Amino acid sequence: MAKDKFKISFSEATAAAFKSLYADKYETTGDNQVFSSDFIYENLEKPKDPSMGRFALPVFRFGKLLEDKPPSIAAKVAPESNKFLSSSLNGPVIVTVEAAGGFLNARPNAELAASSTIVAVLDSGRDYGNSTVGQQRKILIEYSSPNIAKPFGVGHLRSTMIGNSLRKIFKALDYDTMGINFLGDWGTQFGKMIVAYRRWGSEDTLKNNSVQNLLDLYVKFHETAKKNSSLEDDAREAFKKLEQGEKSETELWEKLKNISLTEFDRIYKILGVEFDWITSESFLNDKMAAAIARLERAGLTSVSEGALIVDIDDPQLPPVLLRKADGATLYATRDITGLFYRWQEHKFHQSLYIVGSAQSDYFKQLFKVIELMEKSENSDASNAMSGKTKHIEFGWVKFGDKAMSTRQGNIVILEDVIDKAAELARKRIEEKNPGLKTIEETSRIIGTGAVIFSQLSVRRHKDIRFDWDQVLNFEGETGPYLQYTHARLCSLLRNYKGTVSSDIDYTLLAGSEESRVIDLLADFPDTIEDAARDYDPFYIAAMLLKLAGAFNKFYQRKNKQGKSDKILSDDKELSAARIALVKSTQLVINKGLYLLGLEAPQEM
RNA sequence: GCCCCCGUAGCUCAUUUGGAUAGAGCAUCUGCCUUCUAAGCAGAGGGUAACAGGUUCGAAUCCUGUCGGGGGUACCA
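Quick notes on the rules
- Residues numbered from 1 in each chain as written.
- Chains lettered and ligands numbered in written order.
- Predicted model: local features only at pLDDT ≥ 70, side-chain atom pairs only at ≥ 80, totals over all residues.
- Heavy atoms only, no water.
- Helix = DSSP H or I, 4+ residues; strand = E, 2+ residues; numbered from the N terminus.
- Buried < 20%, exposed > 50% of the residue type's maximum accessible area, 1.4 Å probe, protein only.
- Contact = heavy atoms within 4.5 Å.
- Phe/Tyr/Trp six-rings, centres within 6.5 Å; stacked < 30°, edge-to-face > 60°.
- Lys NZ or Arg CZ within 6 Å of the ring centre and 35° of its normal.
- Pairing = 2+ DSSP bridges.
- Axes fitted to C-alpha atoms, helices over the stretch in contact; angles between N-to-C directions.
- Salt bridge = Lys/Arg side-chain N within 4 Å of Asp/Glu carboxyl O.
- 1 Å grid on protein atoms, 1.4 Å probe; cavity = no way out; pocket = protein on both sides within 12 Å on 5 of 7 lines; lining within 4 Å.
- Points joined across faces, edges and corners; volume = space filled by probe spheres on them.
- Nonpolar A, V, L, I, M, F, W, Y, C, P; charged D, E, K, R; others polar.
- Domains from an automatic or database assignment.
- Expected span 1.5 Å × (residues − 1).
- Parallel < 35°, antiparallel > 145°, perpendicular 65-115°, else oblique.
- Polar contact = N/O pair within 3.5 Å; in protein donor to acceptor, adjacent residues only side chain to side chain.

A tally of regular secondary structure across chain A gives 21 helices and 14 strands. The dimensions of chain A, computed from C-alpha atoms along their principal axes, are 85 × 70 × 40 Å. Residues counted as buried form 53% of the 604 residues belonging to chain A. Here the analysis covers contacts within chain A between residues at least 6 apart in sequence; of these, 76% occur between residues at least 24 apart.

Okay, the environment of Lys138 next. Relative to the elements of secondary structure, Lys138 occurs in strand β4 (residues 138-142). For the pair Lys138 and Phe170, spaced 32 residues apart in the sequence, the C-alpha separation amounts to 9.7 Å.

Phi at Gln33 is positive, roughly 50°, even though this residue is not glycine. Despite not being glycine, Asp174 has its phi angle at roughly 70°, a positive value. Along the polypeptide, Asp174 turns up in the loop between α7 (157-172) and β5 (176-183). For Asp174, a relative accessible area of 23% corresponds to the partly exposed category.

This part covers the packing of aromatic side chains. A full pass over the atoms with the stated rule returns 29 aromatic pairs. For the pair Phe152 and Tyr268, a centre-to-centre distance of 5.7 Å together with 85° between the ring planes defines the contact as edge-to-face. One end of the pair, Phe152, is in the loop between β4 and α7; the other, Tyr268, is in helix α11 (residues 247-271), and 116 residues separate them in sequence. With a centroid separation of 5.2 Å and an interplanar angle of 80°, the aromatic rings of Trp186 and Trp253 are classed as edge-to-face. Of the two residues, Trp186 sits in the loop between β5 and α8 (188-200) while Trp253 sits in helix α11, which places them 67 residues apart along the sequence. Trp253 matches Trp186 in its accessibility class, with the two residues each being buried. Of note, Arg126 hangs over the ring of Tyr594, and the distance from its end group to the ring centre comes to 5.2 Å. Between Arg294 and the ring centre of Phe340, over which it is positioned, the NZ or CZ distance is 4.6 Å.

A separate point is the sheet that holds strand β8 (residues 307-310). Spatially, β7-β8-β9 is the arrangement adopted by the 3 strands of the open sheet, whose pairing is antiparallel. Whereas interior strands pair on both sides, the edge strands pair on one side only; in this sheet they are β7 (301-304) and β9 (320-323). Strand after strand, the sheet turns through a mean of 40° between neighbouring axes, direction not considered.

Another point: the pattern of salt bridges. Where charged atoms from two side chains of opposite charge approach closely, those side chains can pair. Per the stated rule, a full pass over the model turns up 36 salt bridges. Residue Asp31 is joined to Lys19 by a salt bridge in which the shortest nitrogen-to-oxygen separation is 3.2 Å. With Asp31 in the loop between α2 (23-29) and α3 (37-42) and Lys19 in helix α1 (residues 5-21), this residue pair connects regions lying 12 residues apart in the sequence. Judged by relative accessible area, Asp31 falls into the partly exposed class, the value being 47%. Close ionic contact of Asp523 with Arg54 constitutes a salt bridge, the shortest N to O distance being 3.9 Å. Separated by 469 residues along the polypeptide, Asp523 in helix α19 (residues 512-533) and Arg54 in the loop between α3 and β1 (55-58) bring together distant segments of the chain. Look at Asp523 and you get buried, because its relative accessible area is 14%. Judged by its relative accessible area of 12%, Arg54 is buried. Connected via shared salt-bridge partners are Asp4, Lys46, Arg54, Asp519 and Asp523.

To continue, consider the layout of surface pockets. The calculated volume of the largest pocket comes to roughly 1,400 Å³. In terms of lining residues, the largest pocket is bounded by 43 residues, among which Ser145, Asn147, Lys150, His156 and Gln359 are the most central. Contributions of two or more residues to the lining of the largest pocket are made by α8, α13 (331-346) and α14 (360-377). There is about 1,200 Å³ of room inside the second largest pocket. Taken together, 44 residues make up the lining of the second largest pocket; nearest its centre are Lys7, Arg54, Ala522, Asp523 and Asp526. Of all elements in the fold, only α1, α3, α6 (110-124), α19 and α20 (538-555) reach the threshold of two or more residues within the lining of the second largest pocket. No other element matches α19, which puts 11 residues into the lining of the second largest pocket. Among the residues forming the lining of the second largest pocket, the class breakdown is 18 nonpolar, 8 polar and 18 charged. The residue makeup of the lining of the second largest pocket includes at least three contributed by each of domain 1 (5-108) and domain 3 (422-596).

As a further point, take helix α15 (residues 414-432). With 19 residues, α15 ought to run about 27 Å at 1.5 Å a step, and its terminal C-alpha atoms sit 27 Å apart, in line with that. In this fold, the buried residues of α15 make contact with α7, α11, α16 (439-456), β14 (464-466) and α17 (468-471).

By domain assignment, chain A separates into domain 1 (5-108), domain 2 (138-281 + 335-398) and domain 3 (422-596). A C-alpha centroid distance of 53 Å is found between domain 1 and domain 2.

Once that is clear, we can look at the packing of helix α12 (residues 288-297) against α13. Packing of α12 against α13 brings their axes to within 9 Å, and their N-to-C directions diverge by 90°. Here α12 is positioned roughly perpendicular relative to α13, judged by the angle of their axes. Residues Met288, Ala291, Ile292, Arg294 and Leu295 of α12 pack against Thr333, Arg334, Ile336, Thr337 and Phe340 of α13. A per-class count over the contact of α12 with α13 returns 6 nonpolar, 2 polar and 2 charged.

What follows deals with the side chain of His391. Checked against the element boundaries, His391 lands in strand β11 (residues 389-392). A relative accessible area of 15% means that His391 is categorised as buried. Within the structure, the side chain of His391 is placed 2.8 Å from the backbone oxygen of Val355, a separation counted as a polar contact. Excluding its chain neighbours within four sequence positions, the residues that come into contact with His391 are Tyr353, Val355, Gly356, Ser357, Gln359, Ser360, Phe363 and Phe367.

Structure follows, in structure tokens:
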């Protein structure tokens, strides 16, 4: 993480202040705790209320060490810190410290903060916020991974958008990222589809609106199977034949698969989602035997009730099935095989699975198998995939009160949602900006923006309730609000006649509204790293909302006469300074939206 | 039964490794466009953070228990 010069100055001055005020304690403690500037730097926090300062050091925990009361410590240290801060430099004081209860609140010199931030943003442009921490280490990210022969529902959206965003985030941090779409095109479900198609389907089923028809078949299968359990046996039988390469099953499967692939491709284009590798379960068909053999060699397998299993020696988790009693493989078999393959091909630093939390036990099992196997093989840690795989889980997308379930037909088709949102956006544009030439494209950008953002604006582990009214609302904490702010920034830049430059009078940007915007711009690089650390794009979404809010507040600020205090005016110096802030904000919102997977319209 | 996750304003959610007076948005109400995009801004009301204990200088956050919701629990993926 790039060190912040304001925080460094504060930490050094404050460590010096502690040393001089508590010299006796320093003698016994040495350069540790509050007497170490590094320690102070590491323990800085962000004040809850931004008006209290940009960063803060809580001193409560040092009460015992210093044998003093926290408010008293803060009250003594603050002036001493300020003394060091002003004496150590010839130039202006770059940070001022203020005691507030048990906190030392620090505020960078507004003018210096403005200049260092804006220079950094304008110099880096689109690269602002990027870093080199990844050092080109390889990260595999598996996301989306829908099942073929089912429509792309809102339930798949969460994995898709989190993964798509993480891929961009890790790329920005100089990781060598690889986005993988692991399509579910194998397994008993295709036995089900084959059985259902033979019973109720026809050539017509595959023609018009065919994915919807496939869903109807799938739902009908499960309805019927409730009453007639022999259907499930038929499905298993059909899948077994497919796995053995029987011609008629294979041909039908190919048809179902092609319909879905075309469909998914279209959806991903609409969403702007990209992958580096689109693969599928059937790709692993000829590699599973070797994978099973490897586990057998490692002495992990046994036969139980006719099935080939790995007992993972955990009372809380069931064994992993590799082969069913009828000889057919399971999802776990293919996942393990796929992992072997990915390791062999890519020797990844990390491999992430963006999959719902319902599967958390499953991934525990999976990773345990790998761990046991490598232990048994005596792999040395540097050449082991164990410990490098991670299940990035997220909450369910609920519809009504229930989880969305394809089997029960309780599913909202993603494209319906996007179409509705885009339609609504179009109406808004027709009312408000009827001259807009790119109305078609722009309404689509806004519609998808609303839908995508709804998935990323809640922390990953939480369940999301899918609510039409909420998704179709474009006001407040929404994607369209960010896009609107971006369009507004672009509009200002179009209206400005001069050239945007960071060579401006920074004293003109020292107001509290400007400072708030600048603080948030300065936080952006850390926010990207936070998002990467927790594998959660939410941090970026939340920060952008704050930034947009702070900017809009500045934009609509009124002057003393109660008139709006315009960004652009006859005052050339002032306009030049403000437009530099506008450009910086526009760049960061644009980049942030990009990292989330939203497009940023110039006009709307 | 056992295991995991969740419970914060009427609703949807923040509060990053425990920190300051628990904050936003939606909805409701009140203001603000003859000049930079009102998809905006300003303001009002709205809280026993499910409940009860515990740890701590300090708990929405950590621990224990209770209640409520969701998920998982070998031949689905």
